[in-house]
Amino acid sequence: MKITGFKNANVVFEKGIKTASISISNGKIVGFSAPEGAIELPENLYVAPGFVDEHIHGAMGCDTMDASVESLETIATSLLQEGVTSFLATTMTESQENIEKSMVCVRDYMKGTHPGAQIRGLHLEGPFISVKYKGSQDEQHIKRPDAALFHHYNELSGMNIKEVTFAYEEEGGDEFLKYCLSHGVTPSIGHSNASGDKAREGFGKGIYCVTHLYNAQTPLHHRNAGIVGEALITDGVHTEVICDLRHICADALKVVFRNKKKEDIVLISDSSPAKYLPEGQSSHLGKQPIWVKDGVAVLENGTIAASILHLDQALRNIRPIAEGYSYTDLINLVTINPARNVHLDKEVGSIEEGKRADFVILDEDFHVAATIVGGEVVYRGENCPEILK
């Protein structure tokens with residue numbers, strides 16, 4: 001169902017909610033007057049920008065590392081139910097051959113037209129990480145930061161790598177960082193054993209993102225602030241957080257929301273292919289088998305292997321934790337903040353003239369009534385109004 005726009009809707013702009021009309025043409029926002037045939041929504045619903053997930057491995061049993069168009073389409077269409085309209089297909093530490101296959105597949109996928117949420121690029125999580133903080137990554141394929149190899153990957157991807165997670169403290173970290181900054185790739189420290197001093201050095205030289213804060217990195221200690229401590233006190237450093245209340249407890253999240261500026265926090269799912277699968281169901285993360293257990297995905301040895309988090313649920317989880325955050329502030333954590341972090345904010349992330357007509361229709365509690373991609377209604381939730389059916 002194609003729509004021409006909205007009339008007198010509760011629109012979630014970056015700076016606040018206003019009653020406004022929106023006009024859509026050729027998949028983009030072209031103005032803020034009501035066009036012919038504009039939709040009038042019930043008063044209890046809000047028009048928000050489509051969510052942006054900059055860090056997601058898979059869903060519905062499918063993984064970016066499958067190097068399969070069918071897998072990417074399954075991920076993309078399943079994400080609509082939680083309001084995601086844009087995402088970065090995220091790789092992990094595997095053999096160079098498997099990483100290359102995945103990148104080529106994403107590159108070619110992005111050249112075509114596909115249903116569901118749109119892939120806006122790649123997030124390379126590994127292989128340039130620390131063995132000590134490898135998490136669920138495969139140790140045998142871990143490498144030191146290598147700018148030449150990363151350039152090869154970037155070229156192979158069609159220059160579509162938007163973010164890379166790396167261990168800055170390893171040999172080659174400075175050259176690697178310089179490459180990222182000169183090629184518009186978001187450098188994110190993560191899966192890293194950097195000391196607090198080394199993290200501070202990296203932030204001073206241009207690192208402006210931390211991959212899933214608290215998880216797989218040096219913790220805050222009273223004699224060494226670690227990556228966590230330095231990230232919490234450094235403005236302008238974006239901190240990814242997994243708000244499933246399993247990766248990070250509520251009180252640790254409160255520390256983030258009380259110390260970081262609102263514009264510096266990015267909610268991610270970091271979801272594995274186990275997302276949307278039932279308790280006990282087996283799946284895979286890269287080549288490793290995983291299972292859904294007690295609300296997370298785990299390896300055979302019990303190590304948490306990414307999440308099964310939905311971004312709309314993440315908003316519900318943090319609402320009582322993020323003191324002083326308005327409805328708009330919370331929406332920004334999954335829209336304009338990630339879009340800016342990975343340089344997609346000229347296309348998506350907020351409701352502005354010239355941007356894509358990607359929206360999620362939500363109720364007061366962030367339940368998804370409908371998801372719209374390029375001006376077309378592509379998902380309808382249980383609370384979807386009749387006018388959008």
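Positions within a chain are numbered from 1, following the residues in the order the chain's sequence is written. pLDDT decides what is reported in this predicted model: residues at 70 or higher carry local features, side-chain atom pairs at 80 or more are listed and counted, and totals for whole chains, interfaces and linings draw on all residues regardless. Just so you know, side-chain values use all the structure's heavy atoms and leave hydrogens and water out.

J.: Lay out the packing of aromatic side chains in plain terms, naming residues and giving numbers.
T.: Any Phe, Tyr or Trp ring, taking Trp's six-membered ring, that has another such ring centre within 6.5 Å forms a pair; planes under 30 degrees apart are called stacked, those over 60 apart edge-to-face, and the others tilted. Going through the model one piece at a time under the given rule, you end up with 12 aromatic pairs. The interplanar angle of 90° and the centroid separation of 5.6 Å between the aromatic rings of Phe6 and Phe359 together place this pair among those described as edge-to-face. Of this pair, Phe6 sits in strand β1 (residues 5-13) while Phe359 is found in strand β18 (residues 359-362), placing the two residues 353 residues apart along the sequence. Type-normalised accessible area, obtained with a 1.4 Å probe on protein chains alone, sets the label of each residue: buried when under 20%, exposed when over 50%, and partly exposed for intermediate values. The class for Phe6 is buried, based on a relative accessible area of 0%. Judged by relative accessible area, Phe359 falls into the buried class, the value being 0%. Among the aromatic residues, ring-to-ring pairing joins Phe128, Phe150, Tyr153, Phe166, Tyr168, Phe176 and Tyr179 into one connected group. Think of it this way: any DSSP run of H or I at least four residues long counts as a helix, any run of E at least two long counts as a strand, and we number them from the N terminus.

J.: How would you summarise the state of the cysteines if you had to cite specific residues and measurements?
T.: To count as a disulfide, a pair of cysteine sulfur atoms needs to be within 2.5 Å. For the structure shown, the criterion picks out zero disulfides. Free cysteine Cys62: the closest other cysteine sulfur is in Cys105, separated by 11 Å. For Cys62, a relative accessible area of 12% corresponds to the buried category. For Cys209, which is in no disulfide, the shortest distance to another cysteine sulfur is to Cys180 and amounts to 11 Å.

J.: Break down the sheet that holds strand β10 (residues 161-166) for me, citing the residues and quoting the values.
T.: At least two bridges found by DSSP between two strands is the condition for calling them paired. In space, the eight strands of this open sheet follow the order β5-β8-β9-β10-β11-β12-β13-β14, with parallel pairing throughout. Across the chains shown, the open sheet's two edge strands, defined by having one partner strand only, are β5 (51-56) and β14 (265-268). Contacts between helix α2 (residues 96-111) and the sheet are confined to β8 (84-91), β9 (118-125) and β10, with β9 contributing the most and set at about 160° to the helix. Contact definition: two residues touch when any of their heavy atoms are within 4.5 Å. The axes are straight lines fitted to the C-alpha atoms, using for helices just the contacting stretch, and the angles between their N-to-C directions are given from 0 to 180°.

J.: Please set out the side chain of Ser78 residue by residue, giving values where relevant.
T.: Inspection of the secondary structure assignment puts Ser78 in helix α1 (residues 69-78). Ser78 gets classed as buried once you look at its relative accessible area, which sits at 7%. The definition of a polar contact used here is a pair of N or O atoms within 3.5 Å, where within protein one atom must be able to donate a hydrogen and the other to accept one, and adjacent residues in sequence count solely through side-chain atom pairs. A polar side-chain atom of Ser78 sits 2.9 Å from the main-chain carbonyl oxygen of Ile75. Residue contacts for Ser78: discarding those within four places in its chain leaves Ala59, Met60 and Tyr276.

J.: Can you lay out empty space enclosed by the protein for me, pointing to particular residues and giving the numbers?
T.: Points on a 1 Å grid over protein atoms alone make up a cavity when a 1.4 Å probe fits among them but cannot get out, and a pocket when they form an open set with protein on both sides within 12 Å along at least five of seven lines; lining residues each have an atom within 4 Å of a point. Grid points are joined across faces, edges and corners, and a volume is the space filled by probe spheres set on the points. Summed over all chains, the structure comprises one cavity of 30 Å³ or more. What the largest cavity holds in volume is close to 50 Å³. As for the largest cavity, its lining consists of Ile29, Pro49, Gly50, Glu347, Val348, Gly349, Ser350, Ile351, Arg356 and Asp358. Here the lining of the largest cavity is built from residues that sort into four nonpolar, three polar and three charged. Amino acid classes used here: Ala, Val, Leu, Ile, Met, Phe, Trp, Tyr, Cys and Pro are nonpolar; Asp, Glu, Lys and Arg are charged; the rest, including Gly, are polar.

J.: Mind laying out the sheet that holds strand β17 (residues 296-298), listing which residues take part and the relevant values?
T.: Spatially, the three strands line up as an open sheet ordered β15-β16-β17, and their pairing is antiparallel. The open sheet terminates on both sides in strands that have one partner only, identified here as β15 (282-285) and β17. For this sheet, the mean inter-axis angle between neighbouring strands, taken without regard to orientation, is 45°. Alignment of β15 against strand β16 (residues 288-293), held across four bridges, turns out to be antiparallel. Its bridge partner lying in β16, Leu285 is registered against Gln288.

J.: Can you tell me about the nonpolar core, naming the residues and giving the values?
T.: Here, nonpolar core means buried Ala, Val, Leu, Ile, Met, Phe, Trp, Tyr and Cys residues that are tied together by side-chain atoms lying within 4.5 Å of each other. Formed by 92 residues in total, the largest nonpolar core has its most connected members in Phe87, Phe150 and Leu267. In terms of residue count, the dominant contributor to this core is α2 (five residues). Dropping the residues within four chain positions of it, Phe87 is found in contact with Asp53, Ile56, Ile75, Ala76, Leu79, Ala117, Gln118, Ile119, Arg120 and Gly121. One finds Phe6, Val11, Ile39 and Ile351 within the second-largest nonpolar core, a separate group that totals 23 residues.

J.: Describe helix α7 (residues 250-259), naming the residues involved and giving the relevant values.
T.: Residues of α7 that are buried: Ala252, Leu253, Val256 and Phe257. Mapping the buried residues of α7 onto a view down its axis gives an arc of 140°, with all of them on the same face. Exposed and facing more than 90 degrees away from the buried side of α7 are Asp251 and Arg258. Check the buried side of α7 and you find it contacts α6 (226-233), β13 (238-242), β14 and α8 (311-318). The reported arc concerns the directions from the helix axis to the C-beta atoms and nothing else.

Interpretation note: all reported values are geometric properties and have no functional meaning in isolation.
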